[in-house]
Amino acid sequence: MATAIDKTQCCLCNKHKIIYPCPGCSNQFCFEDLVRHRQKLNEEFNAIINDYDQFGENIHQLKQNLHDSPFVKRINQWEIDSIELIQRTAQRCRRTIIEEIQVFIYDIEEKFKKLIGEIKYLQEENEVNENNLKDLKEKLIKITKEFYGPSTISLSKKDIYKISSRKFQLNQQKNHISANGNKMV
């Protein structure tokens, strides 16, 4: 006597066959569709394994090539750009300072020529007296102080942090110079 086998409908092919439940998705499949379902799961699982392997390889490559990372490359480019900006700014500052020094030297030379003219006049006219000597010494001390007084170039903190502003200051600091030419601070 044959027994009747309960046949239920397969969720994929919709045929009434002997079915097998899938514990993962809780669907019921005929044997052929269960095999295909398992193959599909295995393919998806293998794809995930490949993704994990690829990700692991990416981590390994990054560890091996830290200097080639996009972050380091951006820092390298920032460094190059900053150096170029600083070099251009320094060149502009040099040109400006050279121009200022040239004007300063011209001004000192004019004052010196004028003083020499006074000396020659007094020499030619033989008009030298104590007052002339005192006046000449004072004028020479004044020019000497101006010429030998230290110049300082300073960049403020704001300029250092915002070098693109290209500001600088030329400060003339004057020292006292005695009549014998020695510097007094």
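Residues numbered from 1 in each chain as written. Predicted model: local features only at pLDDT ≥ 70, side-chain atom pairs only at ≥ 80, totals over all residues. Heavy atoms only, no water.

- The name that an unreviewed UniProt entry assigns to the protein chain is B box-type domain-containing protein, with the source organism given as Adineta ricciae.

**Re the overall build of the protein chain**
- Along the protein chain, the regular secondary structure elements total 4 helices and 8 strands.
- Starting at the N terminus and walking to the C terminus, you meet the elements of the protein chain as β-β-β-β-α-α-α-β-α-β-β-β.
- The buried share of the protein chain, reckoned over its 185 residues, is 15%.
- A sequence separation of at least 24 residues applies to 30% of the contacts in the protein chain between residues at least 6 apart. (Helix = DSSP H or I, 4+ residues; strand = E, 2+ residues; numbered from the N terminus. Buried < 20%, exposed > 50% of the residue type's maximum accessible area, 1.4 Å probe, protein only. Contact = heavy atoms within 4.5 Å.)

**What to know about the UniProt feature "coiled-coil region" (unreviewed entry) in the protein chain**
- What UniProt calls "coiled-coil region" (unreviewed entry) maps, in this numbering, to residues 119-146.
- Here residues 119-146 is 86% helix and 0% strand, with 20 Å between the C-alpha atoms at its ends. (UniProt positions renumbered as here; feature names shortened; annotations may be inferred.)

**Observations regarding helix H1 (residues 31-64)**
- With 34 residues, H1 extends 49 Å from end C-alpha to end C-alpha; this agrees with the ideal 50 Å at 1.5 Å per step.
- Turning to H1, its buried residues number three or more, namely Asp33, Leu34 and His37.
- Check the buried side of H1 and you find it contacts strand E3 (19-21) and strand E4 (28-30). (Expected span 1.5 Å × (residues − 1).)

**Some words on unusual backbone geometry**
- Positive phi outside glycine occurs at Ser26, with the angle close to 65°.
- Turning to its location among the elements, Ser26 is positioned in the loop between E3 and E4.
- Since its relative accessible area comes to 60%, Ser26 is described here as exposed.

**Notes on the packing of aromatic side chains**
- Taken as a whole, this structure holds 2 aromatic pairs when the rule is applied.
- Their ring planes at 70° and their centres at 6.0 Å tell us that Tyr20 and Phe31 sit as a pair that is edge-to-face. With Tyr20 in strand E3 and Phe31 in helix H1, this pair connects stretches of sequence that are 11 residues apart.
- Summarising the aromatic geometry, the rings of Phe147 and Tyr148 are spaced 5.0 Å apart at their centres and angled 80° between planes, so their arrangement reads as edge-to-face.
- Take Phe147: its relative accessible area is 41%, and that puts it in the partly exposed class. (Phe/Tyr/Trp six-rings, centres within 6.5 Å; stacked < 30°, edge-to-face > 60°.)

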